[in-house]
Structures are given as structure tokens and as C-alpha cells.
Amino acid sequence: MGVLNVTPDSFSDGGRHATLDAALARARVLIDEGADILDVGGESTRPGATPVPAEVERARVLPVLRQLRDLARPISVDTSDPALMRAALDAGVSIVNDVRALRRPGALEAVRAADCGVVLMHLPGEPATMQDAPAYADVVGEVRGWLAARADAVLAEGVAADRLALDPGFGFGKTHEHNRQLLAGLDRLADLGRPLLVGLSRKSSLGRLTGRAVADRLPASLAAALLAVERGARIVRVHDVAATRDVLAIWESVADCADRARSETLA
Ligand code: HH2
């Protein structure tokens, strides 16, 4: 999943794709690099970000979505706003990626009848305050329980199970240590029975571990994507699609080879 932020203030690419032309050019690059999904967002959810008025978020995102509908790639909209979800679905979007897991009033209703994919992400509280004092006794167990309960609630409202993907929400209401523990224990979330989506690309935990600024976090992001996929992630949300695809191609080919060798030994 390639990230396309149509925002002035996203933590790593804010302001770079804020005009329609720049956003479309970026979309073409992401596709040329091999993105299977484009995730288009119009509001930064970085820690402490000021919420954007709904009409501003819509005005940023909708013109881009309308131009992207003929790209022959699934488009995902990164939003918590039910009105934008509806308008985006009308514009041909096939996935709603909601960092608030459809908790805003009207969000569930917006996606229920649409037959779109839905990403439910773990986010305790709101981006403005989520980093104030994150505390967990067992972060993997608590995120797992939260996602399972949220998925159950959404299923009970009539959204089919095969429409859902789950996301532990790296960097959302978690300390660097929590993020580290979550990545180490990601395989405990993979058995929830839904595809896992992971977004670690360029995030501050990687900066903390490497001492690198946002622009220099590619190697760390690639390592994080590989570790996540190895532990069961099925979708990785990344800014650097070509490099991530290369890393995953090597992992996949070696994993295939190891599987073949194992089955030959058994036979
Ligand atoms: N992370 C960001 C935004 N949306 N969606 C999902 N499902 N998972 C994530 O981890 C996730 C997400 C934050 O990254 P980015 O879009 O690059 O930055 P910003 O929020 O500053 O626009």
C-alpha cells in the first residue's frame, strides 16, 4: 500500500503532494513502483496534529480520488469522516482506512452497504492527545483484545468478515518501547483471522532506534516492513514502494525455497 498524503503537514511528505497535479504525479510514481493499493489521506494524524475541518479534508482528497478512478488499482481513503467516506465510495474508492476504526457517529453506516474493504486500526483516544501517557500492562495482548472486540462490534452491525483488515496502529498511543514490543509480538495478532496491515514507514520509533531524521529512515523502514511481513503482516503501508517490493521479493523467494526444501524432506 503506497502512501499519498494530500496534506501540508504530514510528518514525512507534508506539502509535497498538496496540489492536484503533484498528487496525481505521485500516484503515477507509486503505481510505476509497484503499489497494489494507493492510500489517499487529507488529514495528518501525527501526534499532536490539529484536526482539520471536515470541508478542508474533503476539498483536499475528493478531486484527487475522482482523477484516480481510472487507474486500475484499488484506491483506499484514509479518513474517519463519514461524509468523506460516502463521497469517496461514490468516487470509486474500494477501501476505507479508518485510524479511528469506524468509531465516529455515522461511520459504520457509511461503509455498511458499500461492499468496500475496511481497515480497523487500534487508536486509544485521539491523535491530539494519544501520546500524553500511553500505558499498557501487556501491549500485544491489549491491542489484540481491542482489535478483536472492535471487529466483533463491526461484524455485529452487518459488515462481512471478509471485508475487514486489522492494524495495530504503530505510533498511535504507544511509546517507542510499546511499538518495539508490538512488532516483536505481531504474530500474536496474525491469528485474529483477518489480514493484518502494518504502517511503520519512516515513523519516529525507527528514528529513535537509528538516530536518523525522517528523510534518512529508508533502511530502517525496509527492515521494519520485512520483520512485519515475516511475523504475518499481509499489507504494508509504505512511502517507498519500489525499495519495499525489492526487499519483499527476496524474502518471498527465500521463504518459497525453504518451504520446498521442508516439504521435500517430509516426502
Ligand atoms: N499511519 C498514518 C496514517 N494512516 N493508517 C493505517 N491503517 N495505519 C497506519 O499506521 C497509519 C495510517 C501516519 O502516517 P502518515 O500518513 O505518513 O503521516 P501523517 O499522519 O502525518 O499524514
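Everything below is about the structure printed above this text.
Cut-offs applied
- Residues numbered from 1 in each chain as written.
- Predicted model: local features only at pLDDT ≥ 70, side-chain atom pairs only at ≥ 80, totals over all residues.
- Heavy atoms only, no water.
- Helix = DSSP H or I, 4+ residues; strand = E, 2+ residues; numbered from the N terminus.
- Rg over C-alpha atoms; globule rule 2.2 N^0.38 Å.
- Buried < 20%, exposed > 50% of the residue type's maximum accessible area, 1.4 Å probe, protein only.
- Lys, Arg positive; Asp, Glu negative; His and termini not counted.
- Charge placed at Lys NZ, Arg CZ, Asp CG, Glu CD.
- Pairing = 2+ DSSP bridges.
- Right-handed = clockwise from strand over helix to strand, strands pointing away.
- Core = buried A, V, L, I, M, F, W, Y, C linked by side-chain atoms within 4.5 Å.
- Contact = heavy atoms within 4.5 Å.
- Near = heavy atom within 4 Å.
- Polar contact = N/O pair within 3.5 Å; in protein donor to acceptor, adjacent residues only side chain to side chain.
- Areas by Shrake-Rupley, 256 points an atom, 1.4 Å probe, with all protein chains shown as cover.
- Nonpolar A, V, L, I, M, F, W, Y, C, P; charged D, E, K, R; others polar.
- Salt bridge = Lys/Arg side-chain N within 4 Å of Asp/Glu carboxyl O.
- Arc of directions from axis to C-beta.

Draft legend 1. How the structure looks around the overall build of the protein chain. A count of helices and strands for the protein chain gives ten helices and eight strands. What you see for the protein chain is a C-alpha radius of gyration of 18 Å, in line with the 18 Å of a compact globule of 267 residues. The buried share of the protein chain, reckoned over its 267 residues, is 49%. Averaging the positions of the 32 positive and the 36 negative side-chain charges in the protein chain gives two centres separated by 2 Å.

Draft legend 2. Representation of the pairing of strand β5 (residues 117-121) in the model. For β5, the tally of buried residues reaches five of five residues, placing the bulk of the element in the interior. Burial of the side chains of β5 extends over both faces: Gly117, Val119 and Met121 are buried on one face and Val118 and Leu120 on the other. Direction of pairing for strand β4 (residues 95-98) relative to β5: parallel, over a ladder of four bridges. Of the residues in β5, the one forming a bridge with Val96 is Val118. Since β5 and strand β6 (residues 164-167) lie parallel, the crossover through helix α5 (residues 139-156) that links them has a hand, and here it is right-handed.

Draft legend 3. Representation of the nonpolar core. Grouped together as the largest cluster of nonpolar side chains are 63 residues, with contacts concentrated most on Val40, Leu65, Leu68, Leu102 and Leu120. Top element by residues in this core is α5. It accounts for six residues. With near-sequence residues (within four places) excluded, Val40 lies in contact with Leu4, Val6, Val61, Val64, Leu65, Leu68, Ile75, Ser76, Val77 and Asp78. By size, the runner-up hydrophobic cluster in this structure holds seven residues, among which are Ile95, Val119, Leu197 and Ile235.

Draft legend 4. Spotlight on the site of the ligand. In the region of the ligand, 18 residues are neighbours, and Ser10, Ser44, Asn97, Asp167 and Lys203 sit closest. Asp78 is positioned with one of its side-chain polar atoms (N or O) 2.9 Å from a nitrogen atom of the ligand. Between Arg237 and the ligand, the recorded distance is 2.8 Å, taken from a side-chain N or O atom to an oxygen atom. Considering the ligand on its own, with 480 Å² of exposed area, one finds that the protein chains cover 98% of that surface. Along the lines of polarity and charge, the residues of the shell around the ligand split into six nonpolar, seven polar and five charged.

Draft legend 5. Quick peek at the pattern of salt bridges. By the definition in use, this model includes twelve salt bridges. Between Arg58 and Asp81 there is a salt bridge, and its shortest N-O distance comes to 2.9 Å. Residue Arg58 is located in helix α2 (residues 54-68), and its partner Asp81 is located in the loop between β3 (75-78) and α3 (82-90); the two are separated by 23 residues in the primary sequence. A relative accessible area of 7% means that Asp81 is categorised as buried. Between Asp78 and Arg237 there is a salt bridge, and its shortest N-O distance comes to 3.2 Å. Of the two residues, Asp78 is situated in strand β3 and Arg237 in the loop between β8 (233-236) and α10 (241-266); the sequence distance between them amounts to 159 residues.

Draft legend 6. Summary view of helix α6 (residues 176-184). Turning to α6, its buried residues are His178, Asn179, Leu182 and Leu183. Viewed end-on, α6 has its buried residues packed into an arc of 130°, placing them on one side of the element. The elements touched by buried residues of α6 are α5, α7 (187-190), α8 (204-210) and α9 (218-230).

Draft legend 7. Seen up close, the side chain of Asp39. If you trace the backbone, Asp39 turns up in strand β2 (residues 38-41). A distance of 3.1 Å separates polar atoms of two side chains, one belonging to Asp39 and the other to Asn97.

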